[in-house]
Amino acid sequence: MNKRTESYFIGPSLRRARDSKGWSQEVFAPVVGMSQSNLSNIESNKQKVSWETIQLIAHKLDLTPEELLDADGGVVVNVYLTSPSFQHDVLVFMLKTWRREV
């Protein structure tokens, strides 16, 4: 099994998803096992998060990890910071999404 070791910025998409649920940082941070200041750093893109953290956060927000990454085009920005195999996965995902929209 391939373990993803990349880390990502997800700030704006995380903030929008959390706000859409009506949850404050103070309410949501303990749900995902972090402090409010840590969540604030993630939402302001001062801190990257691991793939495992993205999976946890997405699950708690009733999203897929890909939806959380793609909510503001973040996956396009961050793909350059990742491994070639993940870049391939992202491009396949983007093509599938594009085909559905066209």
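Each chain has its residues counted from 1, running along the sequence as written. Confidence filtering applies because this is a predicted model: local features only for residues at pLDDT of at least 70, side-chain atom pairs given and counted only at 80 or more, and all residues used for totals across whole chains, interfaces and linings. Only hydrogens and water are set aside when side-chain values are computed; all heavy atoms of the structure are taken into account.

## Let's talk about the packing of aromatic side chains
Aromatic pairing here means that ring centres of Phe, Tyr or Trp (its six-membered ring) are within 6.5 Å. Orientation follows from the plane angle: under 30 degrees is stacked, over 60 is edge-to-face, and everything else is tilted. Within this structure, the stated rule accounts for two aromatic pairs. A ring pair is formed by tryptophan 23 and phenylalanine 28, whose centres lie 5.5 Å apart and whose planes are at 15°; its orientation type is stacked.

## Some remarks on the nonpolar core
Ile10, Leu14, Ile54 and Ile57 are the most contacted members of the largest nonpolar core, which has 18 residues in total. Of all elements in the fold, only α1 (11–20), α2 (25–31), α3 (36–43), α4 (51–60) and α5 (65–70) reach the threshold of two or more residues within this core. Runs of E in the DSSP output that reach at least two residues are strands. Runs of H or I that reach at least four are helices, and both are numbered from the N terminus. Here this core gets four residues from one element, more than from any other, and that element is α4. In this description, a nonpolar core means a group of buried Ala, Val, Leu, Ile, Met, Phe, Trp, Tyr and Cys residues linked to one another through side-chain atoms lying within 4.5 Å. Burial status follows relative accessibility: with a 1.4 Å probe on protein chains alone, a residue under 20% of its type maximum counts as buried, one over 50% as exposed, and anything between as partly exposed.

## A word on the pattern of salt bridges
Here, a salt bridge means any side-chain nitrogen of Lys or Arg that lies within 4 Å of a carboxyl oxygen of Asp or Glu. Per the stated rule, a full pass over the model turns up four salt bridges. Of the charged contacts in the structure, one is a salt bridge between arginine 18 and aspartate 19, with a shortest N-O distance of 3.2 Å. Classification of arginine 18 as buried rests on a relative accessible area of 5%. Classification of aspartate 19 by relative accessible area gives partly exposed; the value is 45%.

## So, the side chain of arginine 18
Here arginine 18 shows up in helix α1. Excluding anything up to four places from it in sequence, arginine 18 contacts Trp23, Ser24, Gln25, Phe28, Leu39, Glu43 and Leu61. Contacts: residue pairs with any heavy atoms within 4.5 Å of one another.

## Thoughts on the confidence of the model for the protein
Note on scores: pLDDT gives the predictor's confidence for each residue, bounded by 0 and 100. Counting all residues, the mean pLDDT for the protein is 80, and 76% of those residues have values of 70 or more. Mean pLDDT across the elements of the protein bottoms out in helix α6 (residues 74–78) (44) and peaks in α2 (96). Between residues 73–80, whose pLDDT stays under 50, and residues either more than four places distant or in other chains, the model counts ten contacts.

## Some thoughts on the packing of α1 against α3
Each packed pair of helices is defined by two parameters, the angle between the axes and the distance between the axes. Two elements in contact, α1 and α3, have axes whose closest approach is 7 Å; the angle formed by their N-to-C orientations is 120°. Our classification of the angle between α1 and α3 gives oblique. Residues Gly11, Pro12, Leu14, Arg15 and Arg18 of α1 form the contact with α3, whose participating residues are Leu39, Ile42 and Glu43. Among the residues forming the contact of α1 with α3, the class breakdown is four nonpolar, one polar and three charged. To get an axis, a line is fitted to the C-alpha atoms, and for a helix only the part in contact is used. The angle between two axes follows their N-to-C directions and goes from 0 to 180 degrees. In this scheme, roughly parallel covers angles under 35 degrees and roughly antiparallel covers those over 145, while 65 to 115 is roughly perpendicular and the rest are oblique. Gly is placed with the polar residues, together with every amino acid not listed as nonpolar (Ala, Val, Leu, Ile, Met, Phe, Trp, Tyr, Cys and Pro) or charged (Asp, Glu, Lys and Arg).

## As for the environment of asparagine 41
Its location among the elements puts asparagine 41 in helix α3. Using a relative accessible area of 29% as the deciding quantity, one classes asparagine 41 as partly exposed. Spatially, the C-alpha atoms of asparagine 41 and glycine 11 are 8.2 Å apart, while their sequence positions differ by 30 residues.

## Regarding α3
Within the span of α3, buried status applies to Leu39, Ile42 and Glu43. Along the axis of α3, the buried positions cluster into a sector of 95°, meaning they face one direction only. On its buried face, α3 sits against α1, α2 and β2 (49–50). Phi for asparagine 45, located one or two positions after α3, is positive at around 55°. The arc under discussion is defined with respect to the helix axis, by the directions toward the C-beta atoms.

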